[in-house]
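Coordinate analysis (summary)
Take a look at the letters that make up each chain.
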Amino acid sequence: MELLNASLVEWSRAQFAMTAAYHWLFVPLTLGLGLIVCIMESIYVKSGDEKWKHATKFWMTVFGINFAIGVATGLILEFEFGTNWSNYSWLVGDIFGAPLAIEGILAFFLEATFLSLMFFGWKKLSKGGHLAATWLCVIGATISAFWILTANAWMQYPAGSHLVAASQRMEMTNFWDVLSPVAFNKFFHAVVSSWVLGATFVLGVSCWFLLKKRNVAFALKSVKIASIVGLVAIVLTILTGHSSAREVAAKQPMKLAAMEGLYDGTTNAKLVAFGIINPSKTYDNKENPFIFKIDVPIPGFLSWIATYDSKSFIPGVNDILNGGYTQFDGTQALSFAEKQARGIAANSALKQFSIFYNQKDTVSANAVWAEQAENTKYFGYSHIDKAADMIPNVPLVFYSFHIMVLLGGLFLLLFIVALIMKGKIEKAKWLQIIALICIPLAYLCSQMGWVVTEVGRYPWAINEVLPLNAAVSKLATGSVQLTFFLFLVLFTALLIAEVTIMVKQIRKGPQEN
Amino acid sequence: MMTLSFLQNYWWFIVSLLGGILVFLLFVQGGQSLIFQLAKNTDERKLLVNVLGRKWGFTYTTLATFGGGFFASFPLFYSTSFSGAIYVWMLLLLCFVLQAVSYEYMDKPGNIFGAKTYQIFLFINGLLATVLIGTAVATFYTGSDFTVNKINLTDLGAPTVSVWNSAWHGIEAAFNVHNLCLGVTIFFLARTLALLYFINRISAKHETILARVRKQLWINAIIFVVFFLAFVIWTFLSKGFAVNPDTQEVFMQPFKYFLNLWQMPVVLIFFLLGVVAVLYGIGITLFCKGNRRGIWFAGVGTVVTVACLLLIAGWNNTAFYPATPDLQSSLTLKNASSSLTTLKTMFFVSFLVPFVLAYIFWAWRVLEKKQTDIAEVKSEEDDY
């Protein structure tokens, strides 16, 4: 059989990344704008003030335009697990499929059913009934996010499962373990950061109305809600981001090392505020990882963030490859070479097991497998060729992480200033312009977060279980290139269509009479 | 009671039921393929689009749930079929993407591609989605060109478990007349159901368009019945992919699918009832003028008939996704399913399905209290 060449894996990654990036352009606005629409309609129902109804309807129309394309790209993403990552689908489908199915049953129908009522039910439901439909639609979207993020979190931290020799795949041991702290952190961080994006969008668009001196009363109402939602959300995003970083430090040390451009581990590790990565740096040369960098001037801040102990040791890329340091759980880290050797032993044992099992000799089969019980967790390492393959794209992860964090700081400042200035924002043209500029920055920030999450997991499709080269479908590279470009053209065309429709709708403004 | 075998069969039932519901909901696609034929002016087009537009989300959601359900319960099917028949599935997904945006963007100001483009998108979705789903499902009875070897996972050079042999990646199924027969059946069934739905939903004020709908119903229903009978008779007379329950060896058995019905009389009774309900729904609409309830009989009949056809593809020791080059690579309920723990977890989750169906029914009733006319559509602020 011909070897799976690298370009197939790269094209398959590119296709999934492209679909996910497009999908994530629309999902955070659905979640964030959805919450703001719910709050506005709640105020309308409580106060009876028709102006709040007009505001609700305006933002709901924008929500609908965005929602359709989000749903479309999401469907592709779900099926791409099967089309492009067939080994992945089989090997971990026992665990990964369940959250997707639950998402369909619990969330999709809730979302779709109440979306219809939300748009077409204004004259058919009571005020309270319509409000309930709006909340249920947005809750449905959020539950949907919970299950898909649970599935993604399991790819970062595959808890509640083990490799079963008889079925030659991973099997679930306990469903509740799949709902790990990593899953909850990921869910809260992704959802509250989506609220930030939604709030930034509403604030920015409202400031455009103020700049144009149009629909001022509507814009001021929207600014008020967006500023409050935005400030609460960004504070929660920072808190959940911190707990996510602690999970990364404990479960994905290579990702943390890439996020910080850390090649040689240290105690009292400092957090890099920003820097320029040295492109010549590799794990096996002695060059400085940075051309230039500025550290946060707090001693041991990175160590503290990771462990709440500013003196703790944070491993770098080389430490993770060479092993020998004490991990956060107190055990000694194995080197890559040791893990690879154990993985190859487990791989041979699985092959032997299969031969005995097919000959109905279950005693010998179980004996072979039991002998390697300690090594089965390293099975995935058997498919990794060399140490260099263990390292993600450090510059990409580093820059993405730092851009995300810096933009997060900017949004915190933006919402604080917007709240302080709320009475005077109508005259603060500079703030209106900044708020408008922040809309694309919020999208950039959101995308960067996913780049850190996904690129940082390299070379694993499932962390420490299944590397990408063993997860991919056996297809001709040309087939993947064909579907890649097909979807690229389609998604880009639809994005252009969406943006032009949305801009036209915004220019039209709310129906205030 | 909760043995692995019971849960494998239970989940095949759930998947079959979801498949039945999905085929019924394809009436939206059938309706989309009729817009150009039925609507002769902008108002009529708007009326049809709005009558269908409030339902597209259900078909879409059911497709996603069907995919998720299959992934969770039979992951080997998910990995084998989707990666192997990739061109078919990608084409199918592509036309569903077109559908999702078409309703929302078609008549919005600032629509740079023009309303006509989105109407063509809807037609493409109506044609391709039905024909491709039908053709793909037919391979459950005729087989596909793949091999599965789980131990490949330990091969450090080529660890792929499921390998598709044809470079056409699923398109080759459309060149098999038996498969295509089901594709055409589903296309005309979807159109027939759409016509029954239009008769149910469109206000009697629109006599002209309703007359066109009734005329089309005759044509589409006859073609559907002819192709349905051809597919069913052909399948029942063909050899099927049987599984030896003791050795799990797959072998060809004459009249396997007919025997499955015969050996499972409850399924046979439901299958016959389903077929009768579909024909009754069509019949009362065609022969009893003024009767608008045909869609309910034909709809329920479709769900039951399709579910029964899928049940006989997997139950009673049958390989539900047969591999033609190597029979032993065929997927069965036993070798393709998830583990006991996962199926058990999903078993409890499936209890929520009646609750979901209840609120969908309620929401449907709220939105469809009276029949739709163009004046009502135009009075809506969020019409399509």
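Quick look at the structure, then. Every chain is numbered on its own, with residues counted from 1 as its sequence reads. Whichever chain is written first becomes A and whichever ligand is written first becomes 1, with later ones labelled in order. For this predicted model, a pLDDT threshold of at least 70 governs which residues receive local features, and a threshold of 80 or more governs which side-chain atom pairs are given and counted, while totals over whole chains, interfaces and linings are taken from all residues. The side-chain values count all of the structure's non-hydrogen atoms but skip hydrogen atoms and water molecules.

1. Focus: the overall build of chain B
Where we set the bar: Each helix is a run of H or I in the DSSP string that is no shorter than four residues. Each strand is a run of E no shorter than two, and both are numbered from the N terminus. Radius of gyration here uses only the C-alpha atoms, and the compact-globule reference equals 2.2 Å multiplied by the residue count raised to the power 0.38. Classification of residues uses two cut-offs on accessible area relative to the type maximum, computed with a 1.4 Å probe and protein chains only: under 20% is buried, over 50% is exposed, and between them is partly exposed. Here, Shrake-Rupley sampling with a 1.4 Å probe gives the accessible areas, and only protein chains in the shown set may cover a residue. We count Lys and Arg on the positive side and Asp and Glu on the negative side, and we leave His and both chain ends out. Where a charge sits is defined by one atom per residue type, namely NZ (Lys), CZ (Arg), CG (Asp) or CD (Glu).
Looking only at helices and strands, one finds 17 helices and four strands in chain B. Taking 384 residues into account, the globule formula puts the C-alpha radius of gyration at 21 Å, and chain B, at 21 Å, falls close to it. Of all 384 residues assigned to chain B, the portion counted as buried reaches 65%. Summed over its atoms, the accessible surface of chain B is roughly 13,800 Å², and 70% of this surface lies on carbon and sulfur atoms. Charge separation in chain B, taken as the distance between the mean sites of 25 positive and 18 negative side-chain charges, equals 9 Å.

2. Brief notes about the overall build of chain A
To keep things clear, this is the line we draw: Two residues qualify as a contact provided that any one of their heavy atoms is within 4.5 Å of a heavy atom in the partner residue.
If you tally the helices and strands in chain A, you get 16 helices and eight strands. The C-alpha radius of gyration computed for chain A amounts to 25 Å, which stays within 12% of the reference 24 Å derived for 513 residues, consistent with globular compactness. Seen along its three principal axes, the alpha-carbon backbone of chain A occupies a region of about 80 × 55 × 40 Å. The contacts of chain A with a sequence gap of at least 6 include a subset with a gap of at least 24, amounting to 77%. Here chain A has roughly 19,600 Å² of accessible surface; of this, 65% comes from carbon and sulfur atoms. Here chain A contributes 38 positive and 32 negative side-chain charges, whose respective centroids are spaced 15 Å apart.

3. Focus on the interface of chain A and chain B
Note: interface size is frequently given as the accessible area lost on complex formation between the parts. Spelled out, the test is: Throughout this description, the term salt bridge denotes a Lys or Arg side-chain nitrogen within 4 Å of a carboxyl oxygen of Asp or Glu. Polar contact is the term for a pair of N or O atoms within 3.5 Å; when the atoms are in protein, one must be able to donate a hydrogen and the other to accept it, and sequence-neighboring residues count only if both atoms are side-chain atoms. Here the nonpolar group is Ala, Val, Leu, Ile, Met, Phe, Trp, Tyr, Cys and Pro; Asp, Glu, Lys and Arg are the charged ones; every other residue, Gly included, is treated as polar.
Between chain A and chain B, the contact holds 90 residues from the first and 81 residues from the second. For A:Lys124, the salt bridge identified is with B:Glu376, shortest N-O distance 3.5 Å. If you look at where chain A meets chain B, you find 16 residue pairs in polar contact (both at pLDDT 80 or more). Contributions of two or more residues to the side of chain A that touches chain B are made by α2 (50–84), α3 (86–120), β2 (169–172), α11 (336–358), α15 (468–471) and α16 (477–508) of chain A. It is α3(A) that provides the largest number of residues to the side of chain A that touches chain B, a total of 26 residues. The residue makeup of the side of chain A that touches chain B, split by class, is 48 nonpolar, 28 polar and 14 charged.

4. Concerning unusual backbone geometry
Going from A:Tyr458 to A:Pro459, the amide bond is cis rather than trans, its omega being 5°. Relative to the helices and strands, A:Pro459 is located in the loop between α14 (429–455) and β7 (460–462). Backbone geometry at A:Glu464 places phi at a positive 65°, although glycine is not the residue there. As for its placement among the helices and strands, A:Glu464 is situated in the loop between β7 and β8 (466–467). Judged by its relative accessible area of 29%, A:Glu464 is partly exposed. In the Ramachandran plot, B:Phe255 falls in the positive-phi region, its phi being about 55° despite a non-glycine side chain. Relative to the assigned elements, B:Phe255 resides in the loop between β4 (250–254) and α11 (256–263). Overall, the relative accessible area of 41% leaves B:Phe255 in the partly exposed class.

5. Brief notes about the packing of α2(A) against helix α7 (residues 86–105) of chain B
For the record, the criterion: Angular values range over 0 to 180 degrees, each being the angle between N-to-C directions of two axes fitted as lines to C-alpha atoms, with helices fitted over their stretch in contact. An angle below 35 degrees is read as roughly parallel, one above 145 as roughly antiparallel, one from 65 to 115 as roughly perpendicular, and any other as oblique.
Closest axis-to-axis distance for the α2(A)/α7(B) pair is 8 Å, and the angle between their directions is 170°. Of the possible angle classes, the one that applies to α2(A) and α7(B) is roughly antiparallel. Residue-level inspection shows A:Gly64, A:Ile65, A:Ala68, A:Ile69, A:Ala72, A:Leu75, A:Ile76, A:Phe79, A:Glu80, A:Thr83 and A:Asn84 of α2(A) in contact with α7(B), the latter providing B:Ile86, B:Trp89, B:Met90, B:Leu93, B:Phe96, B:Val97, B:Ala100, B:Val101, B:Glu104 and B:Tyr105. For the contact of α2(A) with α7(B), the residue count by class is 16 nonpolar, three polar and two charged.

6. Here we look at the environment of A:Thr237
Relative to the elements of secondary structure, A:Thr237 occurs in helix α7 (residues 216–251). Once the C-alpha coordinates of A:Thr237 and A:Trp90 are considered, the two residues, 147 residues apart in sequence, prove to be 35 Å apart.

7. Digging into the pairing of β4(B)
Where a strand is regular, its side chains alternate between the two sheet faces. Residue and element names in this part refer to chain B. The condition is simple: For two strands to be treated as a pair, DSSP must find at least two bridges joining them.
Of the strand pairs in this sheet, strand β3 (residues 239–243) and β4 are connected by five bridges, and their pairing is antiparallel. By the bridge assignment for β4, Lys239 is matched with Pro254. Remark: six residues form the turn of the hairpin made by β3 and β4, two consecutive strands paired antiparallel; Gln248 in that turn has positive phi of roughly 65°.

8. Quick word on the packing of helix α9 (residues 177–201) of chain B against helix α13 (residues 294–314) of chain B
Residue and element names in this part refer to chain B. Going by this rule: When the near helix sits turned anticlockwise from the far one by under a right angle, the crossing is termed left-handed; a clockwise turn instead gives a right-handed crossing.
As a packed pair, α9 and α13 sit with axes 8 Å apart at the nearest point and diverge in direction by 150°. As far as their axial angle goes, α13 and α9 are roughly antiparallel. In this structure, α9 meets α13 at a crossing whose hand is left-handed. Touching Leu189, Leu193, Leu196, Tyr197 and Asn200 of α9 are Gly294, Ile295, Trp296, Ala298, Gly299 and Thr302, all from α13.

9. Topic: the pattern of salt bridges
The tally for this structure, following the rule as stated, stands at 16 salt bridges over all chains. Across the pair A:Glu10 and A:Arg13 runs a salt bridge whose closest N-O atoms are separated by 3.5 Å. Residue A:Glu10 and its partner A:Arg13 are located together in helix α1 (residues 6–47), separated by three residues, close to a single helical turn. A:Arg13 gets classed as partly exposed once you look at its relative accessible area, which sits at 24%. A salt bridge links B:Asp373 to B:Lys205, with the nearest nitrogen and oxygen atoms 2.9 Å apart. Highlighted residues: B:Asp373 in the loop between α16 (353–367) and α17 (374–379) and B:Lys205 in the loop between α9 and α10 (207–237), separated in sequence by 168 residues. Among the residues examined, B:Asp373 registers a relative accessible area of 12% and is labelled buried. Several salt bridges converge on common partners, so that one network encompasses A:Lys124, B:Arg54 and B:Glu376.

10. Looking at the nonpolar core
Which entries qualify depends on this criterion: Buried Ala, Val, Leu, Ile, Met, Phe, Trp, Tyr and Cys residues form a nonpolar core when they are joined through side-chain atoms within 4.5 Å.
A:Trp59, A:Tyr88, B:Trp12 and B:Phe198 are the most contacted members of the largest nonpolar core, which has 318 residues in total. In terms of residues, this core owes the most to one element, α3(A), which gives 20 residues. Not counting chain neighbours up to four residues away, the residues in contact with A:Tyr88 comprise A:Phe81, A:Gly93, A:Phe96, A:Met155, A:Ala461, A:Ile462, A:Leu466 and A:Ala471.

11. Here's the deal with the state of the cysteines
Residues and elements named next belong to chain A. The criterion, for reference: Cysteine sulfur atoms are paired as a disulfide whenever they fall within 2.5 Å.
Scanning all chains against the criterion turns up zero disulfides over all chains. Free cysteine: Cys207, not disulfide-bonded; nearest cysteine sulfur from Cys438 at 9.7 Å. The buried category is assigned to Cys207, whose relative accessible area is 0%.

12. As for the side chain of A:Asn278
Note on placement: A:Asn278 falls in the loop between β4 (272–277) and β5 (290–295). One polar contact links A:Asn278 to A:Glu287, side chain to side chain, over a distance of 3.0 Å.

13. Comments concerning the packing of aromatic side chains
The following threshold applies: Pairing of aromatic rings covers Phe, Tyr and Trp, the last through its six-membered ring, and needs centres within 6.5 Å; plane angles under 30 degrees mean stacked, over 60 mean edge-to-face, and all others mean tilted.
Evaluation of the coordinates by the stated rule reveals 91 aromatic pairs over all chains. Ring plane angle 65° and centroid distance 5.3 Å describe the contact between A:Phe290 and A:Phe398, whose orientation is recorded as edge-to-face. A residue pair is termed long-range when its members are at least 10 positions apart, and A:Phe290 in strand β5 and A:Phe398 in helix α13 (residues 394–420) qualify at 108 residues. Aromatic side chains B:Tyr118 and B:Phe121 sit 5.6 Å apart centroid to centroid with 90° between the ring planes, which places their arrangement in the edge-to-face category. With a gap of three residues between them, B:Tyr118 and B:Phe121 both fall in helix α8 (residues 115–142), about one helical turn apart. Grouping residues by exposure puts B:Tyr118 and B:Phe121 together as buried.

14. Considering helix α6 (residues 75–84) of chain B
The element α6(B) is largely enclosed, with a buried count of ten among its ten residues. Here α6(B) has its buried residues at B:Pro75, B:Leu76, B:Phe77, B:Tyr78, B:Ser79, B:Thr80, B:Ser81, B:Phe82, B:Ser83 and B:Gly84.

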